[in-house]
Amino acid sequence: MELNGKKKLHALSLAEKIQVLEMLDESKMSQSEVARRFQVSQPQISRICKNKEKLLADWCSGTANRERKRKRESKYSSIDEALLCWFHIARTKMWDVTGPMLLQKAKELADIMGQEFVPSIGWLVRWKRRNNVCFGQRHPARAVHAPEPPCDKVPAPASLSLPQLLKDFAPENVFGCGEVVLLYKAMPGREREGRERLCVVLCVNGSGTEKRKPVVIGRRLAPRCFFGVNTEALPVLYRSSADGQLTQELFSEWLTDFDREMGRQHRSVALVLDAERRCPNPEPANIRLVFLPPRPRHDDGPSPCPLHPDIVRDFKSRYKRRLLGKVSSIGSETNSSPASIAASITVLDALHMVAAAWDKVQPSLVERCFGEAGCSKGKGSLGPPSHAPPRGMSLEEFRRFVDVETELACPPALPPAGTYKEEEEEEGEGEDLFGSLPTKADALKALGTLRRWFECNGSAEGVFQQFYSCEEEVERLCCQ
């Protein structure tokens, strides 16, 4: 019997608070039931509901630390806001802002406001952390558009004058960014049944040596499968929007983070975008935006793409091969149909398969694609990447399956919540003299448990890539 009746304080992070709101909105659970599930008190759940609008605003802003459990406001909030406003003005003017300069400016602002305040190094560190401020050499950059070709020509990507626009950048400093629509649980022959989709934003440099972490966009703010997951440790970034598309706000958030990272590395890079993407305000300081021209009016074909179609097709083929392998390996040990197994694939499952597929795209393919498009000095002509079809499918069937998103004009759909459950292994006949050996179902279940442990506890950089290779080998052995 415990002598101390005090309960251990359990504070929820911003991500967990959003999960609480999702659970209350989508289910019939009471506040007390949700409190028991998250191991907190009912009054804490009540306070979360009371602050719903503010929590959702912090979540959607993209600047809040989503794993932070308490948000402590600065004692000198007016000085904080004034200094942040001055800092943004200094960035737009390309000033080289330093720590001592900020300390001096903070003191000047405090004197103007009539407050007795002496800024310290510790205060400056906390101010930078609160406002996601980082220093770095500022490089002037300007958004430019590739000139639109004459109307009597239907240009190939190599004739868009990109070499002239990018002549000052080495291939490793030229990035292409594109969006990929992915029916993440569709199966061959049943594509119209698995219409839940995700938008995947891919970005890579011209030499193929630097792949940005994919951004996956869905419609749900915090899917149930994220319960207990440390989303910051995932190998992809998950964001949400009302229509499941890359909005201008999400793009600006991603571009700002990209710009800050390039500033920390003292790099000036170019980013090739499609014509439909609007230029953010203010423009990034370390990234030169190059917009492809819009499609000519008389041309009914697709608009020029900043990410080569063969890179997109290679990524999608790797994802769908992995999806088929997962469904096949689970089906080999259960009585469930492939369609029912695929329908139970969660958004979290899809995020890991996206990361695995993107990691397998070869740098040599990326380099040749950029060279063919005129974005870098890649050598050699390029044809469509050839992948041997999975077992039981012809090459033409697999190609149609990979390109199914372009053939089906499907509206975004909400994915049903749920996870697949593996059926218990039936008892084998006969007596095992050496004890119970692990079955294929045990191996698959152990992989899911290990991945879940990594997700919830964080892991060293690169461990997910090693895990994916292990997972692929287990699934291959299960299908033998």
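Predicted model only: the values in this text are computed from it and were never measured.

**Student:** Just to check I follow, could you spell out the overall build of the protein chain for this structure?
**Tutor:** Broken down by element type, the protein chain carries 17 helices and 7 strands. In the protein chain, buried positions account for 46% of the 480 residues. Of the contacts made within the protein chain by residues no fewer than 6 positions apart, 70% connect residues no fewer than 24 positions apart. As presented, the protein chain carries roughly 26300 Å² of accessible surface, and 52% of it is formed by carbon and sulfur atoms.

**Student:** What should I look at first to understand the pairing of strand E2 (residues 174-183) in this one?
**Tutor:** Side-chain direction in a regular strand flips from residue to residue, so the side chains alternate between the two faces of the sheet. Burial analysis of E2 places 8 of its 10 residues in the buried class, the great majority of the element. Bridging between E2 and strand E3 (residues 197-205) involves 9 bridges; their strand directions are antiparallel. Within E3, the residue paired with Val180 across the bridge is Val200.

**Student:** Hey, could you run me through the environment of Arg220 in this one?
**Tutor:** Within the fold, Arg220 resides in the loop between strand E4 (215-218) and strand E5 (237-240). Residue classification places Arg220 among the buried residues on the basis of a relative accessible area of 17%. For the pair formed by Arg220 and Val347, sequence separation is 127 residues and the distance between their alpha carbons is 9.7 Å.

**Student:** Explain helix H7 (residues 121-131) here, please?
**Tutor:** An α-helix turns once per 3.6 residues; consequently, residues spaced three or four apart project the same way. Along H7, the residues that are buried comprise Trp123, Leu124 and Trp127. Taken end-on, H7 shows its buried residues confined to a sector of 100°, consistent with a single buried face. In H7, the exposed residues that point more than 90 degrees away from the buried face are Ile121 and Arg129.

**Student:** How should I be thinking about the environment of Ser328 in this particular structure?
**Tutor:** Examined against the element boundaries, Ser328 turns out to sit in helix H10 (residues 309-331). Separated by 13 residues in the primary sequence, Ser328 and Ile341 have C-alpha atoms spaced 9.0 Å apart.

**Student:** Can you walk me through the packing of aromatic side chains in this structure?
**Tutor:** In this description, an aromatic ring pair is defined by two values, namely the gap between the centres and the angle between the planes. Scanning the entire structure with this criterion turns up 13 aromatic pairs. Taking the centre distance of 6.3 Å and the plane angle of 65° together, the rings of Phe467 and Tyr468 count as edge-to-face. Take Phe467: its relative accessible area is 4%, and that puts it in the buried class. Put simply, the rings of Trp453, Phe454, Phe464, Phe467 and Tyr468 touch in pairs and so form one group of aromatic residues. The ring centre of Trp358 lies 5.6 Å from the NZ or CZ of Lys211, which sits over that ring. Seen from the ring of Phe401, Lys320 lies directly overhead, with NZ or CZ sitting 4.9 Å from the centre.

**Student:** Explanation requested: the pairing of E3 in the structure shown.
**Tutor:** Burial analysis of E3 places 9 of its 9 residues in the buried class, which makes it a mostly covered element. Side chains of E3 alternate between two faces, with Arg197, Cys199, Val201, Cys203 and Asn205 and Leu198, Val200, Leu202 and Val204 buried alike.

**Student:** Where do I start with the side chain of Glu455 in this structure?
**Tutor:** Its location among the elements puts Glu455 in helix H16 (residues 440-457). In contact with Glu455, other than residues within four places in its own chain, are Val229, Asn230, Leu234, Leu348, His352 and Phe464.

**Student:** Help me understand the packing of helix H12 (residues 347-360) against helix H17 (residues 463-478) in this model?
**Tutor:** Axis angle and axis distance: for two packed helices, these are the angle between their axes and the distance between the axes, and together they describe the pair. It is at 10 Å that the axes of H12 and H17 come closest, and there the two elements cross at 95°. As summarised for this structure, H12 and H17 are arranged roughly perpendicular, according to the angle between their axes. Here His352, Ala355, Ala356, Asp359 and Lys360 of H12 lie close against H17, whose contacting residues are Phe464, Gln465, Tyr468, Ser469 and Glu472. Partitioned by chemical class, the residues of the contact of H12 with H17 number 4 nonpolar, 3 polar and 3 charged.

**Student:** What am I meant to see in the side chain of Gln248 here?
**Tutor:** In this structure, Gln248 sits in helix H9 (residues 248-264). Gln248 sits in the buried class, given a relative accessible area of 14%. Once residues within four sequence positions are removed from consideration, Gln248 is found in contact with Arg277, Arg278, Cys279 and Pro280.

**Student:** Explanation requested: the confidence of the model for the protein chain in the structure shown.
**Tutor:** Do not read the predicted coordinates in detail wherever pLDDT is low. For the protein chain, the mean per-residue pLDDT works out to 76, and 75% of the residues sit at or above 70. Segment residues 380-384: pLDDT under 50, and 8 contacts once partners within four positions in sequence are set aside and those in other chains are kept.

**Student:** I'm lost on the pattern of salt bridges in this one. Help?
**Tutor:** Inspection of the entire model under this criterion finds 19 salt bridges. Across the pair Glu108 and Lys105 runs a salt bridge whose closest N-O atoms are separated by 3.5 Å. With Glu108 and Lys105 both in helix H6 (residues 99-113) and 3 residues apart, this pair spans about one turn of that helix. Here Glu108 falls in the partly exposed class, since its relative accessible area comes to 33%. Taking the relative accessible area as the measure of exposure, Lys105 reaches 22% and is therefore partly exposed.

**Student:** When you look at unusual backbone geometry in this model, what are you seeing that I'm missing?
**Tutor:** Leave glycine aside and you will find that most residues have negative phi; peptide bonds, for their part, are mostly trans. You will see that Gln39, though not glycine, has its phi angle at about 60°, which is positive. Secondary-structure assignment places Gln39 in the loop between helix H2 (31-38) and helix H3 (42-50). Under the relative-accessibility criterion, Gln39 is labelled exposed at 64%.

**Student:** Please explain H2 as it appears in this structure.
**Tutor:** Inspection of H2 places Val34, Ala35 and Phe38 among the buried residues, and these make up the whole buried set. Take H2 and look down its axis: the buried residues cluster within an arc of 105°, on one side only. In this structure, the buried side of H2 is in contact with helix H1 (14-26) and H3. Looking one or two places after H2, you find Gln39, whose phi comes out positive at around 60°.

**Student:** For this particular structure, what's the right way to read the nonpolar core?
**Tutor:** One recurring pattern in soluble globular proteins: nonpolar side chains tend to sit buried together. Phe315, Tyr319 and Leu351 are the most contacted members of the largest nonpolar core, which totals 64 residues. Discounting chain neighbours no more than four positions away, the residues touching Tyr319 are Leu182, Tyr184, Ala350, Met353, Val354 and Ala357. Counting 20 residues, the second largest nonpolar core, distinct from the first, contains Phe175, Cys203, Leu250 and Leu289.

**Student:** Would you mind showing me how to read the packing of H2 against H3 here?
**Tutor:** Contact geometry of H2 with H3 gives a least axis separation of 8 Å together with a crossing angle of 110°. As the angle between them shows, H2 and H3 are arranged roughly perpendicular. The residues of H3 that touch H2, namely those facing Gln31, Ser32, Val34 and Ala35, are Gln42, Ile45, Ser46 and Cys49. Residues that form the contact of H2 with H3 fall into these classes: 4 nonpolar, 4 polar and no charged.

Rules of the game
- Residues numbered from 1 in each chain as written.
- Predicted model: local features only at pLDDT ≥ 70, side-chain atom pairs only at ≥ 80, totals over all residues.
- Heavy atoms only, no water.
- Helix = DSSP H or I, 4+ residues; strand = E, 2+ residues; numbered from the N terminus.
- Buried < 20%, exposed > 50% of the residue type's maximum accessible area, 1.4 Å probe, protein only.
- Contact = heavy atoms within 4.5 Å.
- Areas by Shrake-Rupley, 256 points an atom, 1.4 Å probe, with all protein chains shown as cover.
- Pairing = 2+ DSSP bridges.
- Arc of directions from axis to C-beta.
- Phe/Tyr/Trp six-rings, centres within 6.5 Å; stacked < 30°, edge-to-face > 60°.
- Lys NZ or Arg CZ within 6 Å of the ring centre and 35° of its normal.
- Axes fitted to C-alpha atoms, helices over the stretch in contact; angles between N-to-C directions.
- Parallel < 35°, antiparallel > 145°, perpendicular 65-115°, else oblique.
- Nonpolar A, V, L, I, M, F, W, Y, C, P; charged D, E, K, R; others polar.
- pLDDT = per-residue confidence, 0-100.
- Salt bridge = Lys/Arg side-chain N within 4 Å of Asp/Glu carboxyl O.
- Core = buried A, V, L, I, M, F, W, Y, C linked by side-chain atoms within 4.5 Å.

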